[in-house]
Amino acid sequence: MAVASYRRKSSASSPDGTVDLPPGIIFGGPKVYWKNAESYVLLALFLGGSLGGVIWAAVYGISAIELWCFAIGFCVTTIGIGVGVHRYLVHRAFQCGKVMKAILCISGQLACQGSLLKWVGNHRRH
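Source: prediction; values computed, not measured.

Thresholds applied
- Position numbers for residues start from 1 in each chain and track the written sequence from start to end.
- Confidence filtering applies because this is a predicted model: local features only for residues at pLDDT of at least 70, side-chain atom pairs given and counted only at 80 or more, and all residues used for totals across whole chains, interfaces and linings.
- Each side-chain value is derived from all of the structure's non-hydrogen atoms; neither hydrogens nor water enter the calculation.
- Aromatic pairs are defined between Phe, Tyr and Trp rings, using the six-membered ring for Trp, whenever the two ring centres lie within 6.5 Å; interplanar angles under 30 degrees are classed as stacked, those over 60 as edge-to-face, and all others as tilted.
- Relative accessibility under 20% of the residue-type maximum defines a buried residue, over 50% an exposed one, and the middle range a partly exposed one, all with a 1.4 Å probe and only protein chains included.
- In this text, helices come from DSSP runs of H or I with a minimum length of four residues, and strands from runs of E with a minimum of two, each type numbered from the N-terminal end.
- Here a patch means residues that are over 30% exposed by relative accessible area and free of salt bridges, tied together within 9 Å if like-charged and within 5 Å if nonpolar (Val, Leu, Ile, Met, Phe, Trp, Tyr).
- In these tables, accessible area is a Shrake-Rupley quantity obtained with a 1.4 Å probe, and a residue counts as shielded only by the protein chains included in the view.
- What counts as a salt bridge is simple: a side-chain nitrogen of Lys or Arg found within 4 Å of a carboxyl oxygen of Asp or Glu.
- For this analysis, a polar contact is any N or O atom pair within 3.5 Å, provided that within protein one partner can donate a hydrogen and the other can accept it, and provided that sequence-adjacent residues contribute only side-chain to side-chain pairs.

Draft legend 1. Seen up close, the packing of aromatic side chains. Scanning the entire structure with this criterion turns up four aromatic pairs. Residues Tyr 33 and Trp 34 carry aromatic rings whose centres are separated by 5.0 Å and whose planes lie at 80 degrees to one another, so their mutual orientation is edge-to-face. Measuring from ring centre to ring centre gives 5.2 Å for Tyr 88 and Phe 94, while their planes differ by 40 degrees; the resulting arrangement is tilted. Under the relative-accessibility criterion, Phe 94 is labelled partly exposed at 29%.

Draft legend 2. Looking closely at unusual backbone geometry. At Arg 92, a position not held by glycine, the phi torsion is positive, near 50 degrees. Within the fold, Arg 92 resides in the loop between α2 (64-90) and α3 (98-109).

Draft legend 3. Region of the structure containing a nonpolar patch on the surface. A contiguous nonpolar patch, built from Leu 51, Ile 55, Trp 56, Val 59 and Tyr 60 and spanning about 590 Å² of accessible area, is present on the exposed surface. Among the structural elements, Ile 55 can be located in helix α1 (residues 30-60). Of the residues examined, Ile 55 reaches a relative accessible area of 46% and is grouped as partly exposed.

Draft legend 4. Region of interest: the pattern of salt bridges. Counting across every chain of the model gives one salt bridge. Across the pair Glu 38 and Lys 35 runs a salt bridge whose closest N-O atoms are separated by 3.0 Å. Of the two residues, Glu 38 and Lys 35 are both situated in helix α1; the distance of three residues between them amounts to about one turn of the helix.

Draft legend 5. Seen up close, the side chain of His 123. The topology assignment puts His 123 in helix α4 (residues 116-125). At a separation of 3.0 Å, a polar atom in the side chain of His 123 contacts the side chain of His 86.

Structure representation (structure tokens):
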């Protein structure tokens, strides 16, 4: 596993090929390989599910139950990201119990925007 060196004062890459990256950024090795493999497997699953949904709609049509499932799923994931991940985890705007925290985190994770820890860390940096 290769970890980039970090230089605070320089903003450009040096002649030796090192670049300015935050500490701990991994740019090679088995962790990166397996993360890329995981990304491709998940992409294939998402594309397969989308294709299956299109075929289902073409064969059986779309009824009210499919529209309601879509609307409820959209609302749950939007609230999970907006309220649970963004307001609760990132900004600590309110407090809640363990059960509600679990519900908000699970519904935020359903939006498939990566791990909660990474999402929160990236948003807190800006």
